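Descriptive structure summary
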Amino acid sequence: MLKISRETQRKSERDGALEKEGYMRYLKRDMGMMLTGMALGVLLTGGAVAAGVMAEPSWQNIYVDGRQVQMAAYNIAGNNYVKLRDIGKEVGFNVYWQDGVQVDSSAPYTGEAPAKANSQPTPPAATSLQISSMKGTELTVGERSSLFISPDGTGCTVVSSNLSVASLEQVAGYWVVVPKAPGSVTVTVTNAAGESGSLVFTVKTDTSAPAEIDLNANMDIRQEMVRLINEVRQEHGLAALPVNDALMNAAQDCSTQHVSDHQPYDYMILPKYGWSHGASYNLAILDSANFDEAALTAVSLWLNSPGHLNTMLEEKATCIGTGVSVAWGRIYCYMVVGSPRWANAYT
């Protein structure tokens, strides 16, 4: 609180007469302060200062929070004026010039404008690699997922923090996460420029899998299907395809789904059995009364269907697998051919 006490006019005149002559010597020196004080007085009192007014030294005692302080003051038209800077010093706020008189009540008095912040733009931070997973970050054991890396998905180093939970493979130019056991794992990607990004995966046990699939069921019929398909290939001048255990298991799993058309499951199941590449399927559904002739009947149906024949005669295929299961009076026959050069969208 700023308090300026005022004495009576009689005392002011008496004391002023004694010292007026001495103080007038300093009047010119303090004219700049007086003019500032006069302008401040206009702002504080809302009055007007007429031209040619007389400013005289004021003898009023000045107190700040009950403590008397020394400030040069002037009496103009019955009002006391002091410099705003002096008030700032005694009360504790900053006053400075910067495109006008600035008062900063939150800062201690220095009389100087605060240093300006660095106007130089902050250089942008190095861009981090953006990584995403085709199937998300929650995977089940055996559920492989491709990584999408931006802006540069090639020439990167990819590392798994726990290879026992998830390993990494490259398939058709893509990095693929291969979940192996329940747990948490961080996959970190770093490019040649040193930019990096990471993704945390949670691997869970696949509780939705069927109780048990007999992967060796109906093996005689399945092997006969392979023999007949290879005969068709040789008749068309193509090499016979060797059996691949992963494709045999995948085809048998698909046959136990007992569906009437091809499903995404046909391709999603391939990585579970260790085949991370692409493949092509044929499906035939027969009456169970034809069980003993199932292999011959299925291959004959495919032979007389252009699209299915093309699958059997796939020139770039390198291996084959078959599957047969029986349910609800029907026989579900699958064949699948594949090549390590083919890509699987689900891996």
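Given the structure is predicted, the values throughout are model-derived calculations rather than measurements. (Residues numbered from 1 in each chain as written. Predicted model: local features only at pLDDT ≥ 70, side-chain atom pairs only at ≥ 80, totals over all residues. Heavy atoms only, no water.)

For strand 5 (residues 73-76) and strand 6 (residues 79-82), the ladder comprises 4 bridges, and the chain directions are antiparallel. Its bridge partner lying in strand 6, Tyr74 is registered against Tyr81. Taking the residues that link successive antiparallel strands as the turn, the strand 5-strand 6 hairpin has 2 residues, and the phi of Ala77 there is positive, at about 55°. (Pairing = 2+ DSSP bridges. Helix = DSSP H or I, 4+ residues; strand = E, 2+ residues; numbered from the N terminus.)

Within this structure, the stated rule accounts for 2 aromatic pairs. On the numbers, 5.4 Å between centres and 90° between planes, the contact of Tyr267 with Tyr281 is edge-to-face. Separated by 14 residues along the polypeptide, Tyr267 in helix 6 (residues 265-268) and Tyr281 in strand 17 (residues 278-287) bring together distant segments of the chain. Ring geometry for Tyr281 against Tyr334: centres 6.0 Å apart, planes inclined by 90°, an arrangement best described as edge-to-face. With Tyr281 in strand 17 and Tyr334 in strand 19 (residues 330-339), this pair connects stretches of sequence that are 53 residues apart. Relative accessible area serves as the criterion here: at 5%, Tyr281 is assigned to the buried category. Taken together through their ring pairs, the aromatic side chains of Tyr267, Tyr281 and Tyr334 make up a single cluster. (Phe/Tyr/Trp six-rings, centres within 6.5 Å; stacked < 30°, edge-to-face > 60°. Buried < 20%, exposed > 50% of the residue type's maximum accessible area, 1.4 Å probe, protein only.)

Examined against the element boundaries, Trp97 turns out to sit in strand 7 (residues 94-97). Looking at Trp97, the relative accessible area reads 59%, which means it is exposed. For the pair formed by Trp97 and Ala113, sequence separation is 16 residues and the distance between their alpha carbons is 6.8 Å. When residues no more than four places from it in sequence are discounted, the contact partners of Trp97 are Arg85 and Ala113. (Contact = heavy atoms within 4.5 Å.)

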